[in-house]
Amino acid sequence: MNDWPDDGGYGRGNANSQPEGPRRMSHVQRPQVPQQPPRSQQGHGQGYNPNFTQAQNQGYDSGYSSGQVYGGAPQGGGPQGGGGRGGVPPQYAPQGPGRPAPDWRKRIKIGSVVLVVGVLAWGIGTYAWASSQMRNEVDLSKVIERPEEGDCTTYLIVGSDSREGMTAEDKKKLHTGSAEGKRTDSMMILAACSSGNTMVSLPRDSWVTIPNFVGSESGKAYPARGGSKLNAAYAMDGPELLVRTVEYNTGLHIDHYAEIGFAGFANIVDALGGVELNIDKGFKDKKSGADFQAGTQTLNGEQALAFVRTRYAFAQSDLQRTKNQQKFLSALANQAATPGTILNPFALYPTLGAGLDTLIVDKDMSLYDLGKMFFAMKGISGGDGKSMNMPLAGSAPQNSLKWDMPKVKQLVEQIKNDEKVTVESDR
């Protein structure tokens, strides 16, 4: 049915020559869409159809547009959390400024740098402090007529019977007696070589020649003195003459000197919390205070000192004692030169403090050299090298011991040339 009014033919091709004047078309009223109440006031969401199921209504769209222009700012909250119906989808909506995600790679890198700097600062500070505590008192430049240096680094390690810093109670507890001054209680050569480390004990009753020397304090020249015990050299003019005597009788150049007294030795052991040692056979000695059962045990400072000083409980006397000294020093170094001690300030500082106060070394010896000495001793206990007594050829006057000089010469040549030591000691 046509809604247009009858116009007498106009508009449908009439034949009048005059054009038709303007006419007003009747207004067509658009039906009003009912205003939707707010969601808070209606029982169902916008576009709800009672003929649909609940699942269908959730996805139902009536097609009604609120007039929002596409691309405009989102209004309201649609089902997906973006703009209202007909708005911009959330994935295309502009994002406001937010907190950037943390850059963990950058943070880890910065943290690592801070950690490394902190460790280096601690290490440098510890090294500087420990170096300042060292007692560089022995001047090897005063030693005359020295042999040529070899390929290995050699240390003369001396245990003295010095009671320096000990109270009367300490002397009683450690069974040291109260003798004045100090004498050598043990002597050994440690050769740190790339071919393997070697520790050679020098019996203090060794029968040697004390060569001519210049007094370390007086500057006075003294003639040679044949037929003397090795420990007499130390008693005559201290460390410098002892080094001179060892070099003269062996032909081996001594690079560094290290000496520790009774108190320092015991304090180092206690600072480490004791040293674990396997004792092959139990023994007792009233003079040193030793009282040991066979087996593995942890020795404190007092027990350790008794272990390394005992001589009268053994048939071989001083020779067995030198073996015990080597065994214990290797065990001590093995425990001291570990990450658990070096990297732990609560273990490192007490150990260094206990040892450096009483450890006397030569003027050219650094903390690095001291560390190399301990690691060389540790290597021997780990099987990287050997420990032995100086080769002996029998007894000499005054209950002394005579060296086997052909073997001594061969031993020295092997150390000088950094060759594996093959010489054996019979005792």
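Conventions and cut-offs
- Residues numbered from 1 in each chain as written.
- Predicted model: local features only at pLDDT ≥ 70, side-chain atom pairs only at ≥ 80, totals over all residues.
- Heavy atoms only, no water.
- Helix = DSSP H or I, 4+ residues; strand = E, 2+ residues; numbered from the N terminus.
- Buried < 20%, exposed > 50% of the residue type's maximum accessible area, 1.4 Å probe, protein only.
- Contact = heavy atoms within 4.5 Å.
- Patch = residues over 30% accessible without salt bridge, like charges linked within 9 Å, V, L, I, M, F, W, Y side chains within 5 Å.
- Areas by Shrake-Rupley, 256 points an atom, 1.4 Å probe, with all protein chains shown as cover.
- Salt bridge = Lys/Arg side-chain N within 4 Å of Asp/Glu carboxyl O.
- pLDDT = per-residue confidence, 0-100.
- Phe/Tyr/Trp six-rings, centres within 6.5 Å; stacked < 30°, edge-to-face > 60°.
- Lys NZ or Arg CZ within 6 Å of the ring centre and 35° of its normal.
- Core = buried A, V, L, I, M, F, W, Y, C linked by side-chain atoms within 4.5 Å.
- Pairing = 2+ DSSP bridges.
- Axes fitted to C-alpha atoms, helices over the stretch in contact; angles between N-to-C directions.
- Disulfide = S-S within 2.5 Å.
- 1 Å grid on protein atoms, 1.4 Å probe; cavity = no way out; pocket = protein on both sides within 12 Å on 5 of 7 lines; lining within 4 Å.
- Points joined across faces, edges and corners; volume = space filled by probe spheres on them.
- Nonpolar A, V, L, I, M, F, W, Y, C, P; charged D, E, K, R; others polar.

1. Quick word on the environment of D384
- Among the structural elements, D384 can be located in the loop between α10 (367–381) and β15 (385–389).
- The class of D384 is partly exposed, set by a relative accessible area of 44%.
- Leaving out residues up to four positions away in the same chain, D384 has contacts with G196, N197 and G379.

2. Observations concerning the side chain of T184
- Tracing the chain through its elements places T184 in strand β3 (residues 184–192).
- Accessibility expressed as a relative area gives 1% for T184, which makes it buried.
- Those residues within four positions of T184 in sequence are excluded, and the remaining contacts are V158, G159, S160, R204, N231, Y234 and L242.

3. Concerning a nonpolar patch on the surface
- Taken together, the side chains of V116, L120 and I124 make up a nonpolar region of the molecular surface, amounting to roughly 300 Å² of accessible area.
- Within the secondary structure layout, V116 lies in helix α2 (residues 104–133).
- Overall, the relative accessible area of 48% leaves V116 in the partly exposed class.

4. A closer look at the pattern of salt bridges
- A full pass over the atoms with the stated rule returns eight salt bridges.
- With a shortest N-O distance of 2.6 Å, R146 and E247 are connected by a salt bridge. Residue R146 is found in the loop between β1 (135–138) and β2 (153–160), and its partner E247 is found in helix α4 (residues 230–250); the two are separated by 101 residues along the sequence.
- A network of salt bridges, in which partner residues are shared, links D205, K229 and R311.

5. Observations regarding the confidence of the model for the chain
- Scored by pLDDT, the chain comes out at a mean of 78, with 70% of its residues at no less than 70.
- Overall, residues 8–12 carries pLDDT values under 50, and its contacts beyond four positions in sequence, including any with other chains, amount to six contacts.
- Scored below 50 in pLDDT, residues 69–85 shows 24 contacts in the model against residues more than four places distant or in partner chains.

6. Thoughts on the packing of aromatic side chains
- Under the counting rule described, the total for this entry stands at seven aromatic pairs.
- With centroids separated by 6.4 Å and ring planes inclined at 50 degrees, the aromatic side chains of F307 and F328 adopt a geometry described as tilted. With F307 in helix α6 (residues 301–309) and F328 in helix α7 (residues 318–336), this residue pair connects regions lying 21 residues apart in the sequence.
- The exposure class of F328 is buried, given its relative accessible area of 0%.
- Through successive ring pairs, a cluster of aromatic residues spans F265, F283, F292, F307, F314 and F328.
- Looking at R107, its charged tip hangs above the ring of W104, at a distance of 5.0 Å from the centre.
- Above the ring of Y312, the side-chain terminus of K287 is found at 4.4 Å from the ring centroid.

7. Some words on the nonpolar core
- Counting residues in hydrophobic clusters, the biggest one holds 48 residues, and the most contacted among them are L190, F265, F307, F328, L332 and M373.
- The residues touching F307, leaving out its near neighbours within four places in the chain, are L277, I279, F283, F292, L299, N324 and F328.
- V158, V200, V408 and L411 belong to the second-largest nonpolar core, a separate cluster that totals 34 residues.

8. Re the sheet that holds β15
- With mixed pairing, the seven strands of this open sheet are ordered in space as β1-β14-β9-β2-β3-β4-β15. Each edge of the open sheet is held by one strand with a lone partner, namely β1 and β15. Taken pair by pair, the neighbouring strands of this sheet meet at an average axis angle of 25 degrees, ignoring direction.
- Examined bridge by bridge, β3 and strand β4 (residues 197–201) share four bridges and lie antiparallel to one another. The partner of M188 across the bridge, within β4, is S201.
- In the packing of α4 onto the sheet, the strands contacted are β1, β2, β3 and β9 (256–260), and the crossing angle to β3 comes to about 10 degrees.

9. As for the state of the cysteines
- Summed over the entire model, instances satisfying the criterion amount to one disulfide.
- A sulfur-sulfur distance of 2.0 Å marks the disulfide that ties C152 to C193. Across the S-S bond of C152 and C193 the torsion is about 120 degrees, and the bridge reads as right-handed. Of this pair, C152 sits in the loop between β1 and β2 while C193 sits in the loop between β3 and β4, placing them 41 residues apart in sequence.
- When its relative accessible area of 12% is taken as the criterion, C193 is described as buried.

10. What to know about empty space enclosed by the protein
- Counted by the stated rule, this structure contains four cavities of 30 Å³ or more.
- One number sums up the size of the second largest cavity: a volume of about 60 Å³.
- Every residue along the wall of the second largest cavity is listed here: K142, V143, I144, F213, V214, S216, D237, E240, L241 and R244.
- Contributions of two or more residues to the lining of the second largest cavity are made by β6 (213–214) and α4.
- Of all the elements, α4 adds the most residues to the lining of the second largest cavity, at four residues.
- Taken together, the residues that form the lining of the second largest cavity break down as five nonpolar, one polar and four charged.

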